[in-house]
Amino acid sequence: MSPEPAVRAEIVVDLAAVRHNVRALAAHTGTAVMVVVKADGYGHGMLPVARAAREAGAQWLGAATLPEALALREAGDTGRILTWLSVPGEAGLAEAVAAGIDVTAHDEDGLAAVADAVRRCGTPARLQLKVDTGLHRNGCLPADWPGLVAAARRGEVEGLWAVTGLWSHLACADEPGHPATAAQQAAFELALAQAADAGLRPEVRHLANSAGAILHPGTHHDLVRVGLAAYGLHPAPGHGPALDLRPAMTARASLAMVKRVEPGAGVSYGHTWTAERPTTLGLVPVGYGDGVPRHAGNRAEVSVAGVRAPLRGRVCMDQVVAEVPDHARAGDEVVLFGAAPHPTAQDWAEACETISYEIVTRVGGRFVRRWVGEQHEQEDT
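Since the structure is predicted, the reported quantities are computational estimates derived from the model, not experimental observations.

Conventions used here
Residues numbered from 1 in each chain as written. Predicted model: local features only at pLDDT ≥ 70, side-chain atom pairs only at ≥ 80, totals over all residues. Heavy atoms only, no water. Helix = DSSP H or I, 4+ residues; strand = E, 2+ residues; numbered from the N terminus. Buried < 20%, exposed > 50% of the residue type's maximum accessible area, 1.4 Å probe, protein only. Contact = heavy atoms within 4.5 Å. Lys, Arg positive; Asp, Glu negative; His and termini not counted. Charge placed at Lys NZ, Arg CZ, Asp CG, Glu CD. Pairing = 2+ DSSP bridges. Polar contact = N/O pair within 3.5 Å; in protein donor to acceptor, adjacent residues only side chain to side chain.

Tallying secondary structure elements over the protein chain gives eleven helices and 20 strands in all. Over its C-alpha atoms, taken along the principal directions, the protein chain stretches across nearly 80 × 50 × 40 Å. Split into buried and exposed, the 381 residues of the protein chain put 52% on the buried side. Within the protein chain, residue pairs in contact and separated by at least 24 positions form 66% of the contacts whose partners lie at least 6 positions apart. For the protein chain, the distance from the average site of its 33 positive side-chain charges to the average site of its 43 negative ones is 2 Å.

In structure tokens:
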């Protein structure tokens, strides 16, 4: 039997790590958990991650867009799903209502759109209302909130929907001590009181994201929405309790070539790095066409044969060069990022002056993706 062909580059996602992280977060918060699986599960694969989250006890899934939420339903997920980001007239709202997906309104125009969807599909909606407590993205401004909750209550009485949730989103929860978090908590409490005065009795009230779930118990309410932390990455490294979060993603490749260069050799486009001594270089066959940040050149490190290997020169579309140990050989495994002691997504984020969310979400392109930690491994190219 011929050997299995080598894999040029792959993303390995450990679903056992996802399950572990969800359970750890639920134990830490003592409340219901929504696992946010938007953006293809932060690059980890929306459907496999959603199944793992449900297996770990996640009562809710969060999907930013209507197509994401509908894809979860079409894949057989029958649990509670919340979606919140759409544009006026976008297709799929009536289908989402009919599928029992909780949809979000941010203003009275949004209520009108949901009412129209209800009339078209003949099914009352599960409706949540979002208030802007200070992030100033979507959500209803506080001045308009009393009118929105009053209108939502009228629609509830008419049988158009049940208001299942009231929520908001934190701006600075990953910065312990930032005054915005306390201010947002107070604004949310006021919004909840105004909704109660209007007669609304939602199932869930939720404010906390991953950072809120870990660092700010006062934001937990009935439900916490965990995204990054469910994938094993800490939203505020160095702060808060140790939760033993386990990174679920490993981005790896095989060295395509190894060569020895002499002092004075310039590396990659623009010769932004020049060897000062005899140096062994390894060619890693991934680049910005695969989501590797171009500005990682001369900043980030990979792991080759158990040794940290700094990137040398600019990241190209298809490849990047690293300074590797002298014993490295073509075909050796390269770990771009994964769990320590390899470089982590957080290491790459700090090297690239960004956040780990961006590192794991953007990597992809021609990487083959593989899931482990479940009974049957899956592949997707």
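Next up on the list: the side chain of Asp102. With respect to the helices and strands, the residue Asp102 is situated in strand E5 (residues 102-105). Once residues within four sequence positions are removed from consideration, Asp102 is found in contact with Trp60, Arg80, Ile81, Leu82, Thr83, Arg126, Gln128 and Thr164.

Attention now moves to the pairing of strand E16 (residues 307-312). Walk down a regular strand and you will see the side chains alternate between the two sheet faces. Looking at chain direction, strand E15 (residues 301-304) and E16 are connected through four bridges and run antiparallel. When the sheet's bridge partners are listed, Val302 is paired in E16 with Ala309. Hairpin geometry of E15 and E16 is characterised by an intervening segment of two residues between the two adjacent antiparallel strands and by a positive phi of about 55° at Ala305. Here E16 pairs with strand E17 (residues 320-323) via two bridges, running antiparallel. Each residue of the ladder has a partner; that of Leu311, found in E17, is Ala322.

All right, on to the environment of Thr219 then. Within the element layout of this structure, Thr219 appears in the loop between helix H9 (210-215) and strand E9 (223-226). Given the relative accessible area of 0%, Thr219 is considered buried. For the pair Thr219 and Glu189, spaced 30 residues apart in the sequence, the C-alpha separation amounts to 10.0 Å. Setting aside residues no more than four positions away along its own chain, Thr219 makes contact with Leu170, Thr181, Gln185, Leu207, Ala208 and Gly212. Among the polar contacts listed, one links the side chain of Thr219 to the backbone oxygen of His216, at a separation of 2.7 Å.

A word on the pairing of E15. The pairing of E15 with strand E18 (residues 333-337) spans two bridges and is antiparallel. Paired with Val304 across the bridge in E18 is Val334.

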